[in-house]
Amino acid sequence: MSKPLDGIKIIDFTHVQAGPACTQMLAWFGADVIKVERPGAGDVTRNQLRDIPNVDALYFTMLNSNKRSLTLDTKKPEGKEVLEKLIRESDVMVENFGPGALDRMGFTWERIKELNPKMIVASVKGFSEGHHYGDLKVYENVAQCAGGAASTTGFWDGPPTVSAAALGDSNTGMHLAIGILTALISRDKTGKGQKVAVSMQDSVLNLCRVKLRDQQRLERMGFLEEYPQYPHGTFGEAVPRGGNAGGGGQPGWVLKCKGWETDPNAYIYFTVQDHAWEPICRALGKPEWIEHPDYATPKARQPHIFEIFKTIEAWLADKTKFEAVDVLRTFDIPCSPVLSMKELANDPSLRASGTIVEVPHKQRGSYLTVGSPIKFSDLKPEIKSSPLLGEHTDEVLADLGYTPQQIATLHEVRAV
Ligand code: COA
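The rules behind the values
- In every chain, residue numbers begin from 1 and rise along the written sequence.
- The predicted nature of this model means local features are confined to residues of pLDDT at least 70 and side-chain atom pairs, given and counted, to a pLDDT of 80 or more, with totals for whole chains, interfaces and linings taken over all residues.
- To obtain the side-chain values, all non-hydrogen atoms of the structure were used and water was disregarded.
- Being near a molecule or strand, for a residue, means having at least one of its heavy atoms within 4 Å of it.
- Each polar contact in these results corresponds to two N or O atoms within 3.5 Å; when the atoms are within protein, one needs to be able to donate a hydrogen and the other to accept it, and residues that are neighboring in sequence are counted only if both atoms are side-chain atoms.
- In short, Shrake-Rupley with a 1.4 Å probe defines the accessible areas, and a residue's cover is counted only from the protein chains shown.
- Throughout this entry, Asp, Glu, Lys and Arg are counted as charged residues, while Ala, Val, Leu, Ile, Met, Phe, Trp, Tyr, Cys and Pro are counted as nonpolar. The remaining residues, Gly among them, count as polar.
- Put simply, DSSP marks the helices as runs of H or I at least four residues long and the strands as runs of E at least two long, and each gets a number from the N terminus on.
- Categorising residues by exposure relies on relative accessible area from a 1.4 Å probe, with only protein chains included: less than 20% of the type maximum marks a residue as buried, more than 50% marks it as exposed, and the intermediate range marks it as partly exposed.
- For our purposes a nonpolar core is just a set of buried Ala, Val, Leu, Ile, Met, Phe, Trp, Tyr and Cys residues, chained together by side-chain atoms within 4.5 Å.
- The contact criterion used throughout is that any non-hydrogen atoms of two residues lie within 4.5 Å.
- Whether two strands pair comes down to DSSP finding at least two bridges between them.
- For helices, the fitted axis covers only the stretch in contact; all axes are lines through C-alpha atoms, and the angles between them, taken along N-to-C directions, range from 0 to 180 degrees.

Participant: Before we go on, may I ask you to explain the site of the ligand in this structure?
Facilitator: In the vicinity of the ligand lie 23 residues, with Lys-75, Gly-98, Arg-104, Lys-137 and Val-138 positioned nearest. Arg-38 has a polar side-chain atom sitting 3.0 Å from an oxygen atom of the ligand. A distance of 2.9 Å separates an oxygen atom of the ligand from a polar side-chain atom of Asn-96. Taking 940 Å² as the accessible area of the ligand by itself, protein coverage stands at 84%. For the shell around the ligand, the per-class residue count stands at 10 nonpolar, 6 polar and 7 charged.

Participant: Honestly, the environment of Ala-31 in this entry has me stumped. Any pointers?
Facilitator: Its place among the elements puts Ala-31 in the loop between helix 1 (18-28) and strand 2 (32-37). Ala-31 gets classed as buried once you look at its relative accessible area, which sits at 6%. Spatially, the C-alpha atoms of Ala-31 and Lys-3 are 8.3 Å apart, while their sequence positions differ by 28 residues.

Participant: Got a minute to help me understand the nonpolar core in this structure?
Facilitator: For soluble globular proteins, nonpolar side chains are generally found buried alongside one another. Ranked by size, the top nonpolar core spans 37 residues in total, and within it Ile-10, Leu-26, Val-92, Leu-176 and Ile-180 carry the most contacts. Of all the elements in the fold, those that place two or more residues in this core are helix 1, strand 4 (92-95), strand 5 (120-125), helix 7 (170-190), strand 6 (195-199), helix 8 (200-207) and strand 10 (356-361). The residues contacting Ile-10, other than those within four sequence positions of it, are Thr-23, Leu-26, Ala-31, Asp-32, Val-33, Ile-34, Val-92 and Val-94. In this structure, Phe-13, Val-36, Met-93 and Val-413 belong to the second largest nonpolar core, which totals 28 residues.

Participant: Where do I start with the sheet that holds strand 4 in this structure?
Facilitator: Strands pair in a sheet through their backbones, by hydrogen bonds, and they do so in one of two ways: parallel or antiparallel. The sheet built from 6 strands is open, its strands ordered 3-2-1-4-5-6 with parallel pairing. Whereas interior strands pair on both sides, the edge strands pair on one side only; in this sheet they are strand 3 (68-71) and strand 6. In this sheet, adjacent strand axes meet at a mean angle of 20° when their direction is disregarded. As judged from the 4 bridges shared by strand 4 and strand 5, these two strands associate in the parallel manner. Residue Val-92 lies in a different strand from strand 5, and its bridge partner there is Ile-120.

Participant: What should I look at first to understand the environment of His-132 in this one?
Facilitator: Along the chain, the position of His-132 falls in the loop between strand 5 and helix 6 (140-146). A relative accessible area of 65% means that His-132 is categorised as exposed.

As structure tokens, this is what we get:
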């Protein structure tokens, strides 16, 4: 079956997570993604946090499926020559080296344009070009701190907290994928390639949009009515950490269910949606709250919100998180069990939808990964294994027109 990105050739000069997450997704959708890796070493994640000795780590296999691997030392003249050939034949180059590394290698935007005016060069950096921190190297948690996520996550009496979700890495990769696809559509119209740049700070901030909303509301009004600090606590000059409060107009909290004393994930998230107030009261066996002036409106409820949550927890005390959600769903109340990674890994719905997939691997046997979170009516991405280091070197060189004899001499370039 043909795929939407069939025929799009991508030089994948990415490593760690931000760049690989982007190119992996484009590979799922049909692009020919050639991962260029340093001979002998490859992407650093091949070795990081290994669970099986001498076998590619899950960190690598889960971010590099459906790609081909070409080992090439692009700092040596012969390696540069191969890369130049590849640039002439490709549509996109994606990179997330530290600032200036591609230029130092001799592949400036000007040079790449000279080699292939239709080329799209897509980059991830920690900070945007011209930013006063533009020379910094950046990893996930650095970006979460720089982009506003850490200062607004966690509890008010604790330190800034990073999220387990890869807001700096994979999220930036997803932004970059949108940029690349947009540049490809633009190229269809203009015939020209272009540079696409996404910074990790900007991508985190884009997801923290509602916190910038809150900053402006705080400066105007001096309080934020949906935060736990209102109305009994105090506000400072900047948006505070709100614990598990709902970020929009619907108050919510993580609530204990049966077994919370021993199971760290025996909780549900419960949302007090305004128009669901009546069903909530009925579900809780508190019909007297429906019309009561202290509870009938969101404004009246806010001063009592933790008392309301306590009442809900009392109701939850004899129900597991799954039993609780099964009751609450019949009242149309927005809620979810807090699911552990173990539960997600074995979730039959996620297996059936292809969101959790088991992928065969030459060295590992098989491994679990997250498949495409984007579902199409006319495309079912098939998640294949990540490549071994240099697995496709000869094949890619042959595609570029190298003869077997030339490939044999290029082995020097591939040596450590
Ligand atoms: N052949 C020869 N050299 C190669 C090569 C190849 N195939 N692939 C990479 N290199 C070289 C680069 O040219 C560069 O050399 P130089 O610094 O001498 O010019 C070096 O390897 C890579 O450097 P860098 O990317 O800075 O690696 P690092 O391990 O020091 O830093 C990061 C890692 C992730 C911090 C850094 O790459 C970075 O800040 N990237 C941008 C933001 C980002 O994506 N962060 C990670 C998100 S998961």
